[in-house]
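# An overview of the molecular structure
Here is what each chain is made of, one letter per residue.
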Amino acid sequence: MEIVKSIEVLDQYLSEARSQGKHIGLVPTMGALHAGHASLVKRSVSENDVTVVSDFVNPTQFNDKRDLQTYPRDLEADCSLLKSLGVDYVFAPSVEEMYPEPDDRQFSYPPVDTVMEGKYRPGHFNGVCQIVSKLFYIVNPDRAYFGEKDYQQIAVIKQMVKDLNLPVEIRPCPIVREEDGLALSSRNALLTPEERNLAVNISRTLFISKQYAKSHSLKETHDLVVNVLNSLEGLEVQYYEIVDGETLQPVEDWHDAASVVGCITVFCGSRPVRLIDNVHYI
Ligand code: PAF
């Protein structure tokens, strides 16, 4: 496994692989890797000849400076995990390498990028599109792998790929959870043990609501989730939206869309740590 910091060097390696007709899989990450990332990497390794994992905390997607500063980083631990998974290249560039000058490109994909995270984290998806499009241009992968915990991110990236006519197939991968149900996230590393115990209520409540939804209206189900979580000291729901799984627009009835997904963001603890999760109702 090679750890590559320069775009030019990565390009040399990948041009050679491409000239040999090899298929390239890309797993974009911001490091602080966990079993969720490992599942994406395993899938890429099994479906491609060459796997590139990018490990880069992208500053342009953080609308909160403190969030960027406290984002967990551990390149050494990441690399030992990636080596054990059979990755070929870890691309870990500096900010200067990725952004030699400010990126003033604007990406706008309403309605999928204006709701939920788009509303509460202005500029976030623009930054995601800036870095992911750069990675796609640099790596030119056949397939790219993203976790469904960031459900909205996948919808935005799919729109971008369509808009820019990029020849890459987006492969969404299921959420990986701790044994008790907590969705794996790099941000979990920021939780104290007490907050970690509290955080499990997010997935627990979503799973309960899936049962509840079978005999209750969409609004009753929505309110159950929000009320249960807000009643627990140390948790505060930022939003819970039950949306059409394709357009991400809010739905009012279970029969309003072919797929219905509940997307939640909760603040946990005093710092607080912002956690997201989602559940498929239909
Ligand atoms: O999902 C993430 O970790 C990031 O948003 C991504 C896709 C690696 C872009 O920085």
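The preceding data block contains the structure.
Residues numbered from 1 in each chain as written. Predicted model: local features only at pLDDT ≥ 70, side-chain atom pairs only at ≥ 80, totals over all residues. Heavy atoms only, no water.

With 13 residues, helix α8 (residues 151-163) extends 19 Å from end C-alpha to end C-alpha; this agrees with the ideal 18 Å at 1.5 Å per step. Taken together, the buried positions of α8 are Tyr151, Gln152, Gln153, Ile154, Ala155, Val156, Ile157, Met160 and Val161. Buried residues in α8 make contact with α6 (117-120), α7 (124-139), β5 (143-147), β6 (169-173), β8 (260-268) and β9 (273-280). Residue Asn165 follows α8 closely and has a positive phi angle near 55°. (Helix = DSSP H or I, 4+ residues; strand = E, 2+ residues; numbered from the N terminus. Expected span 1.5 Å × (residues − 1). Buried < 20%, exposed > 50% of the residue type's maximum accessible area, 1.4 Å probe, protein only. Contact = heavy atoms within 4.5 Å.)

With respect to the helices, strands and loops of the structure, Leu184 is situated in the loop between β6 and α9 (193-212). Leu184 gets classed as buried once you look at its relative accessible area, which sits at 11%. Expressed as a C-alpha distance, the spacing of Leu184 and Gly36, which sit 148 residues apart in the sequence, is 6.0 Å. In this structure Leu184 touches His34, Ala35, Gly36, Lys149, Val176, Arg177 and Glu178, once residues within four positions along its chain are discounted.

Looking now at the packing of aromatic side chains. Evaluated as defined, the whole model comprises five aromatic pairs. Look at Phe56 and Tyr99: their rings are 6.4 Å apart centre to centre, the planes differ by 40°, and that puts the pair in the tilted class. Of this pair, Phe56 sits in the loop between β3 (50-55) and α3 (65-70) while Tyr99 sits in the loop between α5 (95-98) and α6, and the two are 43 residues apart along the sequence. Across this residue pair, the class does not change: Phe56 and Tyr99 are buried. Centre to centre, the rings of Phe62 and Tyr71 are 5.6 Å apart; their planes meet at 75°, and the pair counts as edge-to-face. Of the residues examined, Phe62 reaches a relative accessible area of 11% and is grouped as buried. (Phe/Tyr/Trp six-rings, centres within 6.5 Å; stacked < 30°, edge-to-face > 60°.)

Any functional reading would require information beyond the geometric quantities listed.
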